[in-house]
Every structure is written in C-alpha cells, then in structure tokens.
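Overview (structure and organization)
The residues making up each chain are set out below.
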Amino acid sequence: MESRIVLDSRETSLLNTHKVLRNTYFLLGLTLAFSAVVAYISMSLNLPRPGLILMLAGFYGLLFLTYKLSNSGLGIVAAFAFTGFLGYTLGPILNVYVSNGASDIVVLALAGTAAVFFACSAYVLTTKKDMSFLSGTLFALFIVLLLGMVASFFFHSPMLYIAISGLFVVFSTLGILYETSNIIHGGETNYIRATVSIFVSLYNLFISLLNIFSILSNDD
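Residues numbered from 1 in each chain as written. Predicted model: local features only at pLDDT ≥ 70, side-chain atom pairs only at ≥ 80, totals over all residues. Heavy atoms only, no water.

**Remarks on the packing of aromatic side chains**
Scanning all chains against the criterion turns up six aromatic pairs. Seen from their ring centres, Tyr 25 and Phe 117 are 6.2 Å apart, and the 80 degrees between their planes marks the pair as edge-to-face. Linking Tyr 25 in helix α1 (residues 2–44) with Phe 117 in helix α4 (residues 103–127), this pair joins segments that are 92 residues apart in sequence. Assessed through its relative accessible area of 25%, Tyr 25 is described here as partly exposed. Ring geometry for Phe 85 against Tyr 88: centres 6.1 Å apart, planes inclined by 55 degrees, an arrangement best described as tilted. On the criterion of helical spacing, the pair formed by Phe 85 and Tyr 88 is a turn pair, its members being three residues apart in helix α3 (residues 74–99). Across the pair, exposure class does not vary: Phe 85 and Tyr 88 are buried alike. Ring-pair connections join several aromatic residues into one group, and the members of that group are Tyr 25, Phe 117 and Phe 118. (Phe/Tyr/Trp six-rings, centres within 6.5 Å; stacked < 30°, edge-to-face > 60°. Helix = DSSP H or I, 4+ residues; strand = E, 2+ residues; numbered from the N terminus. Buried < 20%, exposed > 50% of the residue type's maximum accessible area, 1.4 Å probe, protein only.)

See below:
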C-alpha cells in the first residue's frame, strides 16, 4: 500500500513537472514572438531609446509586478507587458545596427542566442542533470557584473565592455541551464516565473553578443 502511494506521488510529481515545462516553453514562445513584434514596431516608428531611469523603472517595476501576480491569470498579462517593454527597448538598438549596415551582426547575435538556448535546454533535458550547484556561481557572477557596470561609468574602455559582455554571456548561459534544471527537478513550479527568468537570460545574451560582435567588427 505504501509503495503504491509513493508510486502515485512520483507519477503526480512527474506529470506536474512536465506540465510546468510545457507551459513554460509555450509561454516563452508567445512572449518571444510578442517581443519581436513590439521591437519591429519600435524600429518602424523610430522610437527613441529609453533613458537609464526609465529603463530601470520599467524593467524592475514590471519584473516585480510579474512575480507578484505570477500565481494568478494577471501574471500572464504582466509577463507580456514586461517582455513587450524589453522588445520596445530593443527597437532603437537594432535601428542603430541596421542604419549602419550591420544587419549581419544582428543575425549573427540572434543565431548565437538561439544556438546557446537550444544547446543548453537539450543538454539539461537529455541528461536530467541537477544544476542547482550553479546558484553560488550565478550569485558571484552577479556581484562581479554589478561592479563591472559601475566601473564602466568611469572607465570607457572597449576591453572593459567586452569583458562585461563576455561575463553576461556566461551568466546568461548558466542561467538557462539553472532555470531549466530547476523546472525538471521540481524547484520551480510556476511557469510564469520560469518563463520570465529564461526570457531575461535570452535578452541579456542577445544584447551581450551584439556588443561583442560590434566591438570586434570595429577592430577589424
């Protein structure tokens, strides 16, 4: 009897994990598409790039709102508002590359982002490896990145920008591994929070690759 209860509990847990994973990827696909549409509109209308204060307020405000509402239906609306805002911030950035004839850099960064995402997801889903040990590394990298971004306000060096962007690539890649593992091992049971977490990693990864490829192409 006890073994049957344990078996039923494991089956229920496995079904819930698959449901969270399925819903996460489904919502991620929708938010990526929505963000891309908003970015295209932002580019077409030639909207100005938001200032630092607006960027920080919009990013952290909408992120907090999404997490706050993640257990209700309004969490989905907040997730689209958050990812749409990030799409809007991408428009002016992409316009700079397109107007300068550097569309190939955008394509390369997009391809690199997609490759990293699919590789990381496939690795975790195939091996079922527990990546919870990365939490300490992610926290340490976050502190280093925070210090690096503060330093970039005082030291305008291409090498510093490359170093920060490179660390963001590592940070975002580890974030995808960690969050995917967290879902399949039952650490994250809310697909809205999981979606936003992976989306932020993809956004940072794309921007960082853009910065790296842009600086390297200018050095040629």
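**Brief notes about helix α5 (residues 134–152)**
With 19 residues, α5 extends 26 Å between its outermost C-alpha atoms, agreeing within 8% with the 27 Å of an ideal straight helix rising 1.5 Å per residue. Buried within α5 we find Leu 134, Leu 138, Leu 141, Leu 145, Gly 148 and Ser 152. Each buried residue of α5 sits inside an arc of 85 degrees when the element is viewed along its axis, so together they form one side. For α5, the exposed residues set more than 90 degrees away from the buried face come down to Phe 139 and Leu 147. (Expected span 1.5 Å × (residues − 1). Arc of directions from axis to C-beta.)

**Things to note about the packing of α5 against helix α6 (residues 158–184)**
At a minimum axis separation of 10 Å, α5 and α6 run at an interaxial angle of 155 degrees. In terms of axis orientation, α5 runs roughly antiparallel to α6. For the pair α5 and α6, the sense of crossing is left-handed. Listed contacts from α6 to Leu 134, Ser 135, Thr 137, Leu 138, Leu 141, Phe 142, Val 144, Leu 145, Gly 148, Met 149, Ala 151 and Ser 152 of α5 are Leu 160, Tyr 161, Ile 164, Leu 167, Phe 168, Val 170, Phe 171, Leu 174, Gly 175, Leu 177 and Tyr 178. Looking at the contact of α5 with α6, its residues break down into 18 nonpolar, five polar and no charged. (Axes fitted to C-alpha atoms, helices over the stretch in contact; angles between N-to-C directions. Parallel < 35°, antiparallel > 145°, perpendicular 65-115°, else oblique. Left-handed = near helix turned anticlockwise from the far one by under 90°. Contact = heavy atoms within 4.5 Å. Nonpolar A, V, L, I, M, F, W, Y, C, P; charged D, E, K, R; others polar.)

**Here we look at the packing of α3 against α4**
For the pair α3 and α4, the least separation of the axes is 7 Å and the interaxial angle reads 130 degrees. It follows from the interaxial angle that α3 and α4 lie oblique. Contact residues: α3 offers Leu 94, Tyr 97 and Val 98, while α4 offers Ser 103, Ile 105 and Val 106. By residue class, the composition of the contact of α3 with α4 is five nonpolar, one polar and no charged.

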